[in-house]
Structures are given as C-alpha cells and as structure tokens.
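Summary of the model geometry
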Amino acid sequence: MTRGFQDGKSRRAFERSRRAMPGGVNSPVRACARVGRPPLFVKSAKGSRISDVDGNEYIDYVSSWGACILGHACPAVVEAVREAAADGLTFGAPTERETEMAELVRELVPSMELSRMVNSGTEAAMSAVRVARGFTGRDDIVKFDGCYHGHSDGMLVKAGSGALSHAVPDSAGVPADFARHTLVAPYNDAAAVERLFREHPSSIAAIVVEPVAANAGVVLPESGFLESLRELATRYGALLVFDEVITGFRLSLGGAQERFGVVPDLSVFGKIAGGGMPAAIYGGREDVMRRVAPDGPVYQAGTLSGNPLATAAGLATLKILKGDPGIYARLEKKSARLAAGIEAASRGSVKVSQIGSLLGVSFDGDADRRYADWYSNLLQRGVYVAPSRFEAMFVSDAHTEADIDETLAAAREFFVEEGL
Ligand code: PMP
C-alpha cells in the first residue's frame, strides 16, 4: 500500500509554510530534514491514529513527542478542556484547579513538595536551574552529553535530538559566557561527574539529568549511576534535578524516580502532565521551592501559567492514570512485544532499547540512511514514527494489540526489502 502524500496536499502545504516560517515549521524536527521527505501535515488524530491532509491514516508512535499516553483526543480529557473553556480561557488569577493539580502531583510524586506550573518543558527546566542557582548561590551546572532539557541558553550545550539531528549541538546566539557555566559529562559516567566536582568543588549548583536519556536514542541508566549522582550532589552541596519531561507519568505513576528509587531535590515534568495542552511543572523540596517569588528572591512568572484549559487537561490525564492501576503493566507488555518484534524482524541489525512505553530503535551500519528508509517505508505502510533517529517511539494506552501486529508486519516487510 502506498500512501499518497508525496505529491499531494502535504507537499503543497509544506511549500506554502516554508515561505512563512523558518523551515516551514514551529519546531525544527518537524521539518523532517533528516529523512528527506516533506512532513505530513496533520488534519486530525484519534486514539492511536493520526490522519494527514491527504486523507491517509497512520498508527502514530510520535504521540506528540510523548504527550499523548492515553492516545489522541481521549474523550475524558477533551471533555475536561471543553468544560473549562466554557468558563473562560485565561484569567491570570489563581484557580482552585491549579491547587488540585499541585496536590495531585505531590500525591503521585512525593518529592514534589511544592510545585509551579509553567507552559513548556523548556521553561520548567530553565526555572528549576534558576532556583537551584538561587538556593545554592552557585552558578555552574552539570549536564550530560546528549541529554536535552529544552532550548534555554545554558542548556543548548551538547543537547540531543533536534540539536544533534541538525548538527548544531551548540546553537548560534548563545553567548559563550552563558555556555561556560554548563559543565558536560558523558551519560552513565559518574566518575566523570566526580572529576567535575573535584575540579569545581564549590561552584556547581546542580546536576541536571534525564533519568532515562530519551533524546539520544533511549539510553537506560546503568545500575548505580543515578544513585551515584544522588550521592555526589549531596556530598558537594549541589542539588540533583531530574528532568522527567519524558519519563514523568510514563515509566510509572511516580515517574523514573519511583521506578529507580532515587529521590531528586527538584524535578521537571511536561508532556503528559499537560495532557496534550501546553503545561509543564517544576518543583521539589519545600525549602528549595520557598525561594521562588513571591516567597523568596528567585523570580519566575507567566501570564498563562496554570492556564485553566491546560490544567484541566493535565488533571484529567493524571486522574485517569491514577484510577487505572493496570495501565502501566499493559503499556509495558505491549511495548516489550513491539521492541522484541522489531529486533527479531531486523535479524540483529537494529537494537531496540525499551523501558515502559518508551522505545529507542538504533540501526547499525549507515544509521542515518537506514533510519530515513525505515521512516519512509513505515510511513508508506501506514505507520508514523519520529523523523529523527534520536527520538523515541511512544506507545499509548490507545495502541491495540492489532496495531502492534500491523506495525510488526510493516517492520518485517521493511527489513525483507532492505535485505534485497
Ligand atoms: N526536557 C526533556 C527531557 C525533553 O524531552 C524536552 C522536549 N522534548 C524538554 C525538556 C523541553 O520541553 P518542551 O519542548 O516542552 O519545551
């Protein structure tokens, strides 16, 4: 089956958008530059399926980059947004819903003693770093090669996914003076972090880490790595910040910190926390978070922070996750079958790392070319994966066993064709 988007409306939509926006898109990876095809322009999405403007339907493993753990347009979430919208779109004044959200997040993730809502993962990570600096009175941070924490200036140093894909790991426009405060260590290398602390014993405010590195393939933390970071941060008076924008509410209800049993001082959540709307959260230890304005001197604010629609979507999503004790086991089972099936079909030429409903598919050999072929072939067979090999595949609760079967059939056909 060949999908008809190549010469159709998606292509024309892309030609038009390129005249109006950089790369024709509002976020770089969407331009699909690395896979050499125009992006599909989306018309709508429902459950596990996404439809383009040419009328093609695909099983979607991008899941809005991990936001849609319940699948697209989950009825209860859409209804919560509709109800909230009827009462007004934004007030710039507190609502009880926001308190309910902060309380629910604390119930699910006990380290989130106090939290703040913001509008994106970028903003949440940037704010967490500012609080860590304000709390410790130190300027430097440690991050890991390939980890992505949004596009704030100091974080665009050795960042994964979009930055790697576009071969600009250090963005133009970031003053060297800002990047200088970001110290970079290889992921899974606690000894390198210890060396950084020995060289800078009293200037590191925080270690910022994705507890599973999900923006450079899906790299799992080696046994003891997160525990070592916890110990080093405590020993040197720095804070440990978990960026759970991807792992939060995905690896378990309590996120990666629950799954691995390592408690950070601060955490950052996004994607699922907003239920498909623009919301993210940062928070953690009460003594640290009390430094945030107006309780303390660390300034952070937002006109649309805690927006009623976004909060309603996030709350509805978290309540569904909380009320469905079987959901994470179901996600894990489906995802494990998908991962094993892809590996088996590839006859050893790809490795799939999987944890919970997060999958990273890495190709050996000419990985860029092979991934571009994989993307195009799957698309033609009705399966939509990320247009960058550094991005994860996300399985949602809406993906059925039949979807997994269909995906594996498409994968098998691809590998057979590739072998010819
Ligand atoms: N942190 C991580 C781990 C992410 O994966 C992302 C986005 N993919 C961000 C932060 C930034 O989030 P946003 O795109 O919402 O700004």
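Rules used in this analysis
Residues numbered from 1 in each chain as written. Predicted model: local features only at pLDDT ≥ 70, side-chain atom pairs only at ≥ 80, totals over all residues. Heavy atoms only, no water. pLDDT = per-residue confidence, 0-100. Helix = DSSP H or I, 4+ residues; strand = E, 2+ residues; numbered from the N terminus. Contact = heavy atoms within 4.5 Å. 1 Å grid on protein atoms, 1.4 Å probe; cavity = no way out; pocket = protein on both sides within 12 Å on 5 of 7 lines; lining within 4 Å. Points joined across faces, edges and corners; volume = space filled by probe spheres on them. Core = buried A, V, L, I, M, F, W, Y, C linked by side-chain atoms within 4.5 Å. Buried < 20%, exposed > 50% of the residue type's maximum accessible area, 1.4 Å probe, protein only. Domains from an automatic or database assignment. Axes fitted to C-alpha atoms, helices over the stretch in contact; angles between N-to-C directions. Parallel < 35°, antiparallel > 145°, perpendicular 65-115°, else oblique. Left-handed = near helix turned anticlockwise from the far one by under 90°. Nonpolar A, V, L, I, M, F, W, Y, C, P; charged D, E, K, R; others polar. Pairing = 2+ DSSP bridges.

**Notes on the confidence of the model for the protein**
For the protein, per-residue confidence averages 94 on the pLDDT scale, and 95% of positions sit at 70 or higher. Mean pLDDT across the elements of the protein bottoms out in helix 6 (residues 161-165) (50) and peaks in strand 8 (residues 239-243) (99). Low pLDDT, under 50, characterises residues 164-169; the stretch is placed with 16 contacts to residues that sit more than four places away or in other chains.

**Some details on the layout of surface pockets**
Taking a probe equal in size to a water molecule and rolling it over the atoms shows the remaining empty space. The calculated volume of the second largest pocket comes to roughly 680 Å³. If you go around the second largest pocket, you meet 33 residues; those closest to its centre are Glu98, Ala102, Ser115, Arg116 and Met117. Those elements giving two or more residues to the lining of the second largest pocket turn out to be helix 4 (96-108) and strand 4 (114-118). A total of 6 residues in the lining of the second largest pocket trace back to one element, the largest contributor, which is helix 4.

**Concerning the nonpolar core**
Residues Phe249 and Trp374 are the most contacted members of the largest nonpolar core, which totals 69 residues. Tallying contributions element by element places helix 12 (residues 308-322) first for this core, with 8 residues. Both domains that meet at this core, namely domain 1 (1-63 + 394-409) and domain 2 (76-323), each give it at least three residues. Setting aside residues up to four positions removed in sequence, Trp374 forms contacts with Ile342, Val361, Phe363, Val385, Ala411, Phe414 and Phe415. Ala192, Ile204, Leu226 and Leu240 belong to the second largest nonpolar core, which has 25 residues in total.

**As for the packing of helix 3 (residues 75-86) against helix 12**
Packing of helix 3 against helix 12 brings their axes to within 8 Å, and their N-to-C directions diverge by 150°. When the interaxial angle is binned, helix 3 and helix 12 end up roughly antiparallel. Between helix 3 and helix 12 the crossing geometry is right-handed. Across from Ala76, Val77, Ala80, Val81, Ala84 and Ala85 in helix 3, the residues of helix 12 making contact are Pro308, Leu309, Ala312, Ala313, Ala316, Thr317 and Ile320. Residue composition of the contact of helix 3 with helix 12, grouped by class: 12 nonpolar, 1 polar and no charged.

**Here's the deal with empty space enclosed by the protein**
Across all of its chains, the model carries 2 cavities of 30 Å³ or more by this definition. Lining the second largest cavity, in full, are Leu359, Gly360, Val361, Tyr371, Trp374, Ala386, Glu391, Ala392 and Met393. Put simply, the parts of the chain that give the lining of the second largest cavity at least two residues each are strand 12 (358-363) and helix 14 (367-380). Ranked by residue count, the leading element in the lining of the second largest cavity is strand 12, at 3 residues. A class-by-class count of the residues in the lining of the second largest cavity yields 7 nonpolar, 1 polar and 1 charged.

**Structural notes on the environment of Gly146**
As for its placement among the helices and strands, Gly146 is situated in the loop between strand 5 (140-144) and helix 6. Between the C-alpha atoms of Gly146 and Ala214, which are 68 residues apart in sequence, the distance is 8.9 Å.

**Some details on the sheet that holds strand 13 (residues 383-384)**
Overall, mixed pairing links the 4 strands, which are arranged 1-2-3-13 in an open sheet. One side of each edge strand has no neighbouring strand; the edge strands of this open sheet are strand 1 (42-46) and strand 13. Bridge count for strand 3 (residues 57-60) against strand 13 is 2 bridges, and the pairing is parallel. Bridged to Ile59 within strand 13 is Val383. Running over the sheet, helix 15 (residues 401-419) touches strand 2 (49-52), strand 3 and strand 13 and is turned about 100° from strand 3.

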